[in-house]
Amino acid sequence: NAGVTQTPKFRVLKTGQSMTLLCAQDMNHEYMYWYRQDPGMGLRLIHYSVGEGTTAKGEVPDGYNVSRLKKQNFLLGLESAAPSQTSVYFCASSSFTPTIYEQYFGPGTRLTVT
Amino acid sequence: QQQVKQSPQSLIVQKGGISIINCAYENTAFDYFPWYQQFPGKGPALLIAIRPDVSEKKEGRFTISFNKSAKQFSLHIMDSQPGDSATYFCAASKETSGSRLTFGEGTQLTVNP
């Protein structure tokens, strides 16, 4: 049981390049999330999904797109990377339980845009 | 607009001491308040959580105190240990949000031996 995995772990991009971050979970969770973590700003929600085939915008969605074609996978895309997108990206998942909102996080992807 | 404000940004405590981290929220619709712990190079992990129908929750050395009228909650770590050195995030959620969490800015805790 691997939990939440993220690919790649590290990446360096040049301004204007594109890339896709992959998140996979093996816990059969309905909900999945993408966050970015920047010093002094906590974790900010980029996009999230409440089920296969559905996505929604979070707090900081500009410059990112997502897709959830399979329940276990959640992809985050950067179409034209900018230095402001240098950050650590975390994927998380959770199950639909009315009383428990625990989110399980992956190990993160450190992205540098030069 | 930061709906959950956390302080202090960093905290240094001696081994055996008490670590206290505070959070304040604005949205009265929030009904779930977790604390996450993050070690360097790792993703955050749930540490302890509370709902507003109780004023305190304790799990081992970790206690959440909740003040609904003041819209504040805090994490107390008793008998702090070097292994507790990590970044701590408070968060808040509401049942109608689909488990979405709003996080505080984080507190970097260092426990000196």
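Scroll up to find the structure.
Residues numbered from 1 in each chain as written. Chains lettered and ligands numbered in written order. Predicted model: local features only at pLDDT ≥ 70, side-chain atom pairs only at ≥ 80, totals over all residues. Heavy atoms only, no water.

### Some words on the nonpolar core
The nonpolar side chains of soluble globular proteins are, as a tendency, buried together. Ranked by internal contacts, the top residues of the largest apolar core, which has 24 residues, are B:Phe33, B:Trp35, B:Phe73, B:Leu75 and B:Tyr88. Residue assignment for this core shows that the elements contributing at least two residues are β2 (10-14), β3 (19-25), β4 (33-38), β5 (45-50), β7 (62-67), β8 (72-77), β9 (86-92) and β11 (107-112) of chain B. Residue contributions to this core peak at four residues, all from β9(B). B:Leu75 has contacts with B:Ser19, B:Ile20, B:Ile21, B:Trp35, B:Leu47, B:Ile48, B:Phe62, B:Thr63, B:Ile64 and B:Tyr88, leaving out every residue within four places of it along the chain. Counting 19 residues, the second largest nonpolar core, distinct from the first, contains A:Val4, A:Met19, A:Leu21 and A:Leu76. (Core = buried A, V, L, I, M, F, W, Y, C linked by side-chain atoms within 4.5 Å. Buried < 20%, exposed > 50% of the residue type's maximum accessible area, 1.4 Å probe, protein only. Helix = DSSP H or I, 4+ residues; strand = E, 2+ residues; numbered from the N terminus. Contact = heavy atoms within 4.5 Å.)

### As for the interface of chain A and chain B
Contacts between the two partners involve 24 residues from chain A, matched on the other side by 22 residues from chain B. Note on chain A versus chain B: buried area summed over both sides is about 1,800 Å², and carbon and sulfur give 53% of it. A per-residue breakdown of the area chain A buries against chain B is headed by A:Leu43, A:Tyr101 and A:Phe105, which together make up 35% of the total. Across the chain A-chain B interface, the total number found is four residue pairs in polar contact (both at pLDDT 80 or more). Of all the elements in the fold, those that place two or more residues in the side of chain A that touches chain B are β4 (31-38), β5 (42-49) and β9 (87-94) of chain A. Residue classes in the side of chain A that touches chain B are distributed as 13 nonpolar, nine polar and two charged. (Buried area = accessible area lost by both parts, 1.4 Å probe. Polar contact = N/O pair within 3.5 Å; in protein donor to acceptor, adjacent residues only side chain to side chain. Nonpolar A, V, L, I, M, F, W, Y, C, P; charged D, E, K, R; others polar.)

### Re the pairing of β4(B)
Residue and element names in this part refer to chain B. β4 sits mainly inside the fold: six of its six residues count as buried. Burial along β4 is two-sided: the residues Phe-33, Trp-35 and Gln-37 and Pro-34, Tyr-36 and Gln-38 are all buried. Hairpin connection, β4 to β5: the antiparallel pair is bridged by six residues, and Gly-41 has positive phi, about 80°. Pairing analysis gives four bridges linking β4 to β9, with the strands arranged antiparallel. From the neighbouring strand, Tyr-36 faces β9, where its bridge partner is Phe-89. (Pairing = 2+ DSSP bridges.)

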